[in-house]
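Breakdown of the fold
Spelled out, the chains give:
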Amino acid sequence: MDRFSYVGHSQGTLMALIEFSRNKELASKVNLFTALAPVGRVNKAVGAFELLSDLLPQIVAITDKLGIYDFAPLTPVVSEFAILLCPVIPSICSEVSTPLQDQTSI
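Just so it is clear, the structure is predicted and the values come from calculations on it, not from any experiment.

What follows covers helix α1 (residues 11–22). In this model, α1 (12 residues) spans 17 Å end to end at C-alpha, consistent with the 16 Å of a helix rising 1.5 Å per residue. Restricting attention to buried positions, one finds in α1 the residues G12, T13, L14, A16 and F20. Buried residues along α1 sit against β1 (4–9), α2 (24–28) and β2 (30–36).

Below, the structure is given as structure tokens:
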């Protein structure tokens, strides 16, 4: 495969942006990248996401070794954890969800 086009939607857009920024060889083979409905914004990160961005290389290494490739996967365990924790400590849930929202639409 010499060159290819990539159309990503939602999480697929975010995954491509991350991998193309990390893997310059792969990025050089993309002749067209269409990003539909990206799921996140990373500029002006604050709070937990600011801290996580500083730890990104370590987080990637750990998640790669564990075989985890989803960002915030919605699993039964995660759902139950959110149901129990958000009412008790709402700031944690807003800390995670607010940076993922497009602030221009709020």
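Bringing the pattern of salt bridges into the picture now. On inspection of all chains with the given rule, the structure shows two salt bridges. Residues E19 and R22 are paired through a salt bridge, measuring 3.6 Å at the closest nitrogen-oxygen approach. Remark: R22 and E19 occur in helix α1; sequence separation between them is three residues, near one turn of the helix. Exposure remark for E19: the relative accessible area of 28% places this residue in the partly exposed category.

Attention now moves to a nonpolar patch on the surface. On the surface, I62, L66 and I68 cluster together into a nonpolar patch covering about 300 Å² of accessible area. The residue I68 is located in the loop between α4 (56–66) and α5 (76–88) in this model. Among the residues examined, I68 registers a relative accessible area of 38% and is labelled partly exposed.

So, how was this worked out
- Residues numbered from 1 in each chain as written.
- Predicted model: local features only at pLDDT ≥ 70, side-chain atom pairs only at ≥ 80, totals over all residues.
- Heavy atoms only, no water.
- Helix = DSSP H or I, 4+ residues; strand = E, 2+ residues; numbered from the N terminus.
- Expected span 1.5 Å × (residues − 1).
- Buried < 20%, exposed > 50% of the residue type's maximum accessible area, 1.4 Å probe, protein only.
- Contact = heavy atoms within 4.5 Å.
- Salt bridge = Lys/Arg side-chain N within 4 Å of Asp/Glu carboxyl O.
- Patch = residues over 30% accessible without salt bridge, like charges linked within 9 Å, V, L, I, M, F, W, Y side chains within 5 Å.
- Areas by Shrake-Rupley, 256 points an atom, 1.4 Å probe, with all protein chains shown as cover.

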